[in-house]
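Spelled out, the chains give:
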Amino acid sequence: MKLSKALNHTLAEILQKDARAYIVGEDIAEPYGGAFKVTKGLSERYPDRLLSTPMSEQGFLGLAIGMALRGYHPIVEIMFGDFVSLCVDQFLNHASKFVDVYGRSVPLVLRTPMGGYRGYGATHSQSIEKLFFGLPNLEVVSLSLADEKATSLQKALGRSVPVLYIENKIDYGREVFSSSPWVSRFSKKEILGEEGFSHFRFNILDQDPGGVKTLVVTYGGMLSLAFEAVWEAFLEEEWPCEILVPERVSPLDVDFFKTLSTRVSGMERLVILEEGWTPFGWGSEVIAALSERGLPKDLKVFRVGARLENVPAAREMEEKVLPGKKDVLEAIMGKGSR
Amino acid sequence: MKKVERLYEKMLLIRNTEREIEALFAQGFLRGTTHGYIGEEAIAVGVLAHVDIQRDIVTGTHRSHGHYLAMTEDPFSLFSELMGLPTGVTVGRGGSQHLSFHNFITNGLTGGMVPIGVGMALAEKLSKSGNAVVSFLGDGAMNEGYVMEAFNLAAVFRVPILFVLENNGYAMSSASRRMSAGSFSSRVDGFGLTYTQVDSQDVVKISRVAEELLEKVRAGEPQFLEVKTYRFCGHSKSDPREYVSQEEEVFWQGKDPLLFLENNYPRLDFPALRDRVEDKVRDASERVKKMFREGEGND
């Protein structure tokens with residue numbers, strides 16, 4: 001099953017089971033069904049539960065916050081992740097404040113697709129979730145091919161705090177892990193943490209996890225790239241890696257971090273892969289948090305992400321800016337970083 | 001007559017509480033900042049006379065002491081909040097700009113609560129509760145983008161909300177007439193919202209108009225009320241009001257909402273009302289200062 005279909009099923013299930021859940025956003029109803037067709041067909045089955053809005057992102061995010069304060073469970077769709085810049089004030093200066101300044105519950109999820117590799121150019125290709133990292137009472141959760149039924153969306157809506165829920169454009173058309181080609185090459189282990197979110201460990205099938213010398217940590221749409229690079233490292237260099245993927249990326253999930261701290265000991269290299277710009281990114285925080293606990297003495301650390309340039313539209317130029325298989329592979333093999 | 005007496009009493013309570021807050025700052029009891037409501041009392045008191053905060057919903061602004069007091073008549077919890085004491089309305093976390101109780105929420109971003117008010121009104125519409133939302137905003141907020149978005153959303157979804165524009169003529173030091181193109185009424189008309197203006201500080205009149213508008217709101221029709229007003233204090237505690245002319249000040253002093261009632265209802269026992277309110281504010285202030293000193297003693 002394709003990830004967008006899984007997400008569509010989960011949204012339908014939420015609307016079916018939870019009479020207080022509403023989907024709020026632009027062009028989400030039929031016949032359009034959302035810019036990426038994630039809400040396809042839902043307005044026909046639940047005509048009252050999809051609120052099609054005008055193009056006023058800060059306005060309708062505020063509207064959804066108001067609904068959440070009154071006991072509803074809004075799921076807001078922002079058409080492109082790039083547009084969450086318009087939502088910062090309502091998210092940070094309003095929704096987040098109501099949680100601890102006033103002790104109110106704000107069960108709200110803002111879903112949005114981040115990411116490039118599709119030639120959409122500078123304002124429709126970014127991964128800017130880091131604008132929301134490390135802020136109080138705001139969580140950032142990311143969907144990946146590992147979460148095959150998109151259950152992280154239900155988990156996110158079950159929080160009493162506003163959640164930025166990151167999807168990735170190119171993931172929509174990809175098969176979830178168990179129906180993808182990777183299922184015949186990697187084993188998958190899901191660990192459900194105490195805070196309600198899972199994290200996933202992927203190892204090359206029939207390889208002893210004890211012999212792994214490189215840990216690749218990533219989230220969201222970068223999982224496919226991690227599979228490609230890790231598989232090639234194994235095939236070409238006979239270098240086995242393990243991939244670690246959390247659902248919640250901010251704040252760092254406690255149990256994910258426990259697994260990470262445990263697994264990193266004995267490793268030669270740690271590669272942190274994210275699609276957004278590397279400086280001051282998620283990888284920086286992961287490494288800082290690990291360092292505070294003491295990194296293994298000879299561990300080499302690599303951050304792989306986008307170069308600090310706006311994302312170009314032309315294919316070759318875009319490929320140079322965004323992280324590619326070669327970049328990840330070089331990091332895995334301990335050569336250079338970007 | 002009893003009704004007018006209550007309106008006067010609440011307005012005076014707001015006036016005296018705000019003056020006491022200025023005094024508490026001067027005496028070093030308060031830190032942070034505060035935005036006074038002195039001069040604008042008739043709006044909060046007139047409009048909120050028709051709101052049941054256990055059912056209805058009110059969104060405020062950074063300048064919301066008046067709204068809070070009009071509904072609670074409780075200066076003690078406000079003083080406590082400003083002093084950061086656990087008896088404060090948000091146990092000291094919020095401070096002057098961040099007040100919340102029952103269905104009343106304020107926040108410190110100009111205009112930011114307006115779209116949220118629209119969303120809360122939408123929730124009441126979906127729940128078929130018959131409750132109304134009152135969303136206060138100032139003339140400065142009329143130039144914020146998301147406020148315009150909120151007006152459009154209110155009209156598109158036809159939600160039960162009364163927007164109350166407290167036009168005191170200034171966004172901080174910037175005169176509204178220099179900062180706002182066109183007119184507020186034509187902006188509101190442009191969204192297909194019904195616009196009503198009260199160019200008076202007469203609390204009785206404001207109250208009557210608000211009652212009529214809220215009836216329409218409860219029937220599902222969004223409404224917009226602009227009241228022309230004036231603040232006799234600075235934007236915040238650090239504002240000496242150098243942008244205000246003597247002439248303008250004198251003009252508005254003549255329209256003081258308290259003075260208006262005193263001149264138009266000579267049969268009311270104003271000295272008794274003043275005594276009652278002064279006692280209430282003084283008692284609250286003394287209590288809170290005592291708690292403050294005891295707290296210092298414990299440090």
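If you're wondering where the values come from, they're calculated on a predicted model, not measured in any experiment.

Conventions adopted
Residues numbered from 1 in each chain as written. Chains lettered and ligands numbered in written order. Predicted model: local features only at pLDDT ≥ 70, side-chain atom pairs only at ≥ 80, totals over all residues. Heavy atoms only, no water. Helix = DSSP H or I, 4+ residues; strand = E, 2+ residues; numbered from the N terminus. Buried < 20%, exposed > 50% of the residue type's maximum accessible area, 1.4 Å probe, protein only. Phe/Tyr/Trp six-rings, centres within 6.5 Å; stacked < 30°, edge-to-face > 60°. Lys NZ or Arg CZ within 6 Å of the ring centre and 35° of its normal. Salt bridge = Lys/Arg side-chain N within 4 Å of Asp/Glu carboxyl O. Contact = heavy atoms within 4.5 Å.

(A) Quick look at unusual backbone geometry. Cis geometry is found at the peptide bond from Glu30(A) to Pro31(A), where omega equals 5°. Structurally, Pro31(A) is set in the loop between strand E1 (21–25) and helix H2 (42–45). A cis amide bond links Ser250(A) to the next residue, Pro251(A), at an omega of -10°. The residue Pro251(A) is located in the loop between strand E11 (248–250) and helix H8 (254–264) in this model. With phi around 45°, His102(B) is a residue other than glycine that occupies positive phi space. Among the structural elements, His102(B) can be located in the loop between strand E2 (100–101) and strand E3 (104–105). A positive phi angle, near 50°, is found at Met172(B), a position not held by glycine. Within the secondary structure, Met172(B) is located in the loop between strand E6 (170–171) and strand E7 (174–175). Relative accessible area serves as the criterion here: at 51%, Met172(B) is assigned to the exposed category.

(B) Seen up close, the packing of aromatic side chains. Under the definition given, this model contains 30 aromatic pairs over all chains. A ring pair is formed by Phe202(A) and Phe227(A), whose centres lie 5.1 Å apart and whose planes are at 90°; its orientation type is edge-to-face. Here Phe202(A) is found in strand E8 (residues 198–204), whereas its partner Phe227(A) is found in helix H7 (residues 222–237), with 25 residues between them in sequence. As far as the burial class goes, Phe202(A) and Phe227(A) line up, both buried. Pairwise contacts between aromatic rings join Phe177(A), Trp182(A), Phe186(A), Phe202(A), Phe227(A), Trp231(A) and Phe234(A) into one cluster. Sitting above the plane of the Trp252(B) ring, Lys255(B) keeps its charged end 5.3 Å from the centroid.

(C) Representation of the pattern of salt bridges. Residue and element names in this part refer to chain B. Tallying each qualifying case throughout the model produces 32 salt bridges over all chains. In this structure, the salt-bridge partner of arginine 241 is glutamate 249, at a minimum N-O distance of 2.8 Å. Like glutamate 249, arginine 241 is buried.

(D) Representation of the environment of Ala68(A) in the model. Residue and element names in this part refer to chain A. Along the chain, alanine 68 turns up in helix H3 (residues 57–69). Along the primary structure alanine 68 and leucine 108 are separated by 40 residues, whereas in three dimensions their C-alpha atoms are 6.2 Å apart. When neighbours within four sequence positions are excluded, alanine 68 is seen to be in contact with Pro74, Ser105, Val106, Pro107 and Leu108.

From the geometry alone we can't say anything about function, so treat these as descriptive.
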